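Examination of the molecular architecture
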Amino acid sequence: MIVVIVPENSQLPTPNSQLTEAYVDDGVMVNSGQFNGMKNRDAMEAIVKHLEEKGLGKKTVSYKLRDWGISRQRYWGCPIPIIYCDKCGVVPVPDKDLPVILPEDVKFTGQGASPLAQSEKFVNVPCPRCGKGARRETDTMDTFVDSSWYFLRYVSPKESSSPFSKEASKYWMPVDQYIGGVEHAVLHLLYSRFFTKAMRDLGLIDFDEPFTNLLTQGMVCKEIMKCKEHGYLLPDEVKDEKCVKCDNIVEIGPAEKMSKSKKNIIDPDKIIERYGADTTRLFSLFAAPPEKDLDWSDEGVEGAYRFLNRVWRLVTEVKSQESGVRSQKSENTQDSELHYEINKVIKKVTEDTERFHFNTAIAALMEYINFLYKYDDKDSSLYGNAIEMLLILLSPFAPHISEELWHAMGKKSSIFRIAWPLYDEAALKKEETLVVVQINGKLRGRISVPIDTRQTEIERIALTDKKVAEWLAGKEIKKIVYVKNKILNVVAG
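To keep things clear, this report deals only with the structure shown in the data block. From a predicted model like this one, the values you see are computed outputs, not experimental measurements.

Some remarks on the overall build of the chain
A count of helical and extended segments in the chain gives 15 helices and 20 strands. Its C-alpha atoms give the chain a radius of gyration of 33 Å, clearly above 23 Å, the size a compact globule of 493 residues would have. In terms of overall dimensions, the chain has a C-alpha envelope of 100 × 80 × 65 Å along the principal axes. Counting all 493 residues of the chain, 36% fall into the buried class. In the structure as shown, the chain presents an accessible area of about 31,000 Å², 52% of it carried by carbon and sulfur atoms. Across the chain, the mean location of the 68 positive side-chain charges is 1 Å away from that of the 72 negative side-chain charges.

Laid out in structure tokens, this is it:
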């Protein structure tokens, strides 16, 4: 085999080397005539151009997409509007007889043939051309045919003279945000584009693409449990890592996409019955970014449940005034740190939710409630405002408990009628100070932090600093002395 690509800036393998395996990475062209010395990616375009100039080839793009077989031997689907006549051959159903309506006198035998073939009234029809006896096609189209343009029907569901209203589609389309599962989205989106471009060419619509933005959500995965005797097992068929049917040790496999065939499924009704719908919803949003696969975790569900219980305990302990939500742009800054934290969490949750980063938005709420628990002046009006912000920001993720606690605070209207809070950018600009970090009185580091940062936070930042951690390795911290906004001295030995 002749070597045609070698690594860039490398002499090995040489053009005449005998390779034991193919070189598959990018590199520089050799043994390639006029293309010698070119990077292989650049050479691809140059070679194609050369072939086109010589009339030996033409640049094209190929897709790994097979022909679409749209025929299905099942009842559910669009009837294929074709009639077979012994005299006239294949005859399309006339426009005046469209649409072909599915019959209701079918029998579902499960024997493989299309259920439509069981309806004599549906099958036996006169030929539209010669009038003699003929038979109707009994296959139905793949349901992708429906779902490839359903969005156009959605915008004009009551249209009776055509499949959809061109005026309505011009107003509503294209779709701003499409969210779909990773397995379903690929072909569905591709077919939708095909249909959209065909209808554009027919003059039925005036846009090129059906969807502006796409979010492909990941799959829910869970570990597989298998018994040598009974095969795959449901979660309630396993106790103490043993099969409840035979008491054999169960083999715990890796997390895979939830599947009824592998029985690694979770009954959401049982989770809701035990923890509530809010816990189930919160865990699903918090466990992973929406575009990534989610590994189901019973411990994670427990964690979400504990968090919501912390919210419940905190709110029910607060005596809140029966007032409306205060603007975060007010001059009420009696506690600058609390004012800062309120605006900080509003900004974080707002921006992350808009980007579909629900997991980090929920994480910000968890940090926020930790701060509220530690806050000293729980009788201040600003603290009551902070609790209101907590519930409003939590409401998209845990709507039921948020609404319940909102009314428990004396609010009359629904929390979902409250405007989404705005943050004050000026409140997020905190002056910083340089805190010197000492170990046993000797300078070992410096950290820049906002003025009046709590000592606990100063300690956390300092002790996780790489240099400080190296000096403390193998030592026991005996005492920490903090001079506000100036020095943190760690006594260790």
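There's plenty left to go through after this.
Considering the packing of aromatic side chains
For any pair of aromatic rings, geometry is given as the distance between the ring centres together with the angle between the planes. Inspection of the entire model under this criterion finds 14 aromatic pairs. When the ring of Y171 is compared with that of W172, the centres are 5.0 Å apart and the planes differ by 85°; the resulting orientation is edge-to-face. Residue Y171 is classed as exposed on the basis of its relative accessible area of 64%. Taking the relative accessible area as the measure of exposure, W172 reaches 54% and is therefore exposed. When the ring of Y275 is compared with that of Y305, the centres are 5.1 Å apart and the planes differ by 70°; the resulting orientation is edge-to-face.

Describing the pattern of salt bridges
Throughout the structure, instances matching the rule amount to 19 salt bridges. Of the charged contacts in the structure, one is a salt bridge between R74 and D142, with a shortest N-O distance of 3.8 Å. With a gap of 68 residues between them, R74 in the loop between strand 3 (71-72) and strand 4 (82-85) and D142 in the loop between strand 8 (140-141) and helix 3 (144-147) connect regions that are remote in the sequence. Take D142: its relative accessible area is 5%, and that puts it in the buried class. One salt bridge in this structure joins R193 and E209, with 2.7 Å as the shortest N-O distance. Note that R193 is positioned in helix 6 (residues 182-201) and E209 in the loop between helix 6 and strand 10 (211-217), a separation of 16 residues in sequence. Among the residues examined, E209 registers a relative accessible area of 29% and is labelled partly exposed. A single salt-bridge network, built from bridges that share partners, covers R72, R74 and D142.

Describing helix 10 (residues 336-354)
For helix 10, built from 19 residues, the straight-helix expectation of 27 Å at 1.5 Å per residue is met to within 8% by its first-to-last C-alpha distance of 27 Å. By the burial criterion, the buried members of helix 10 are E337, L338, H339, Y340, E341, I342, N343, V345, I346, V349, T350 and D352. Those residues of helix 10 hidden inside the fold are in contact with helix 11 (358-374) and helix 12 (381-394). Among the residues trailing helix 10, F356 stands out with phi positive, at a value near 65°.

Things to note about the packing of helix 8 (residues 277-286) against helix 9 (residues 298-317)
Put simply, helix 8 and helix 9 touch, their axes get as near as 9 Å, and they point 120° apart. Taken together, the axis directions place helix 8 and helix 9 in an arrangement best described as oblique. In this structure, the crossing between helix 8 and helix 9 has a hand that is right-handed. From helix 8, D278, T279, L282 and F283 reach across to helix 9, where they touch G300, V301, A304, Y305, F307 and L308.

Some thoughts on the state of the cysteines
On inspection of all chains with the given rule, the structure shows 0 disulfides. Counting only cysteine sulfurs, C246 is the nearest neighbor of C227, a cysteine outside any disulfide, at a range of 3.5 Å. With a relative accessible area of 2%, C227 lands in the buried category.

Looking at the nonpolar core
Nonpolar side chains in soluble globular proteins tend to end up buried together. Residues F307, V311, L338, L365 and L372 are the most contacted members of the largest nonpolar core, which totals 49 residues. At the level of elements, helix 7 (268-275), helix 8, helix 9, helix 10, helix 11, helix 12 and helix 13 (399-408) are the ones that each hand at least two residues to this core. Excluding residues that lie within four positions of it along the chain, L338 makes contacts with F371, L372, Y375, L382, Y383 and A386.

With respect to the sheet that holds strand 7 (residues 133-136)
With respect to topology, 4 strands assemble into an open sheet ordered 5-4-7-6, the strand pairing being antiparallel. Where the open sheet ends on each side, the last strands, each with one partner, are strand 5 (89-92) and strand 6 (124-126). The sheet shows a mean angle of 40° between the axes of neighbouring strands, taken without regard to direction. Judged from the 4 bridges that link them, strand 4 and strand 5 form a sheet pairing that is antiparallel. Bridge assignment links C85 to a residue of strand 5, and that residue is G89.

With respect to the packing of helix 8 against helix 11
At a closest axis distance of 7 Å, the pairing of helix 8 and helix 11 adopts a crossing angle of 115°. Here helix 8 is positioned roughly perpendicular relative to helix 11, judged by the angle of their axes. Residue-level inspection shows L282, L285 and F286 of helix 8 in contact with helix 11, the latter providing F358, N359, I362, A363 and M366.

Looking at a nonpolar patch on the surface
A surface patch of nonpolar side chains, about 630 Å² in accessible area, is lined by V61, Y63, L65, V186, L187 and F194. When you line up the elements, Y63 lands in the loop between helix 1 (40-53) and strand 3.

Some thoughts on the sheet that holds strand 20 (residues 487-492)
Read across the sheet, 4 strands follow the order 18-17-20-19 without closing on themselves; strand pairing throughout is mixed. Looking along the sheet, the strands with just one partner apiece sit at the ends: strand 18 (442-450) and strand 19 (477-483). With strand direction ignored, the average angle separating the axes of adjacent strands in the sheet is 20°. Sheet analysis places strand 17 (residues 432-439) next to strand 20, joined by 4 bridges and oriented parallel.

The rules we used
- Residues numbered from 1 in each chain as written.
- Predicted model: local features only at pLDDT ≥ 70, side-chain atom pairs only at ≥ 80, totals over all residues.
- Heavy atoms only, no water.
- Helix = DSSP H or I, 4+ residues; strand = E, 2+ residues; numbered from the N terminus.
- Rg over C-alpha atoms; globule rule 2.2 N^0.38 Å.
- Buried < 20%, exposed > 50% of the residue type's maximum accessible area, 1.4 Å probe, protein only.
- Areas by Shrake-Rupley, 256 points an atom, 1.4 Å probe, with all protein chains shown as cover.
- Lys, Arg positive; Asp, Glu negative; His and termini not counted.
- Charge placed at Lys NZ, Arg CZ, Asp CG, Glu CD.
- Phe/Tyr/Trp six-rings, centres within 6.5 Å; stacked < 30°, edge-to-face > 60°.
- Salt bridge = Lys/Arg side-chain N within 4 Å of Asp/Glu carboxyl O.
- Expected span 1.5 Å × (residues − 1).
- Contact = heavy atoms within 4.5 Å.
- Axes fitted to C-alpha atoms, helices over the stretch in contact; angles between N-to-C directions.
- Parallel < 35°, antiparallel > 145°, perpendicular 65-115°, else oblique.
- Left-handed = near helix turned anticlockwise from the far one by under 90°.
- Disulfide = S-S within 2.5 Å.
- Core = buried A, V, L, I, M, F, W, Y, C linked by side-chain atoms within 4.5 Å.
- Pairing = 2+ DSSP bridges.
- Patch = residues over 30% accessible without salt bridge, like charges linked within 9 Å, V, L, I, M, F, W, Y side chains within 5 Å.

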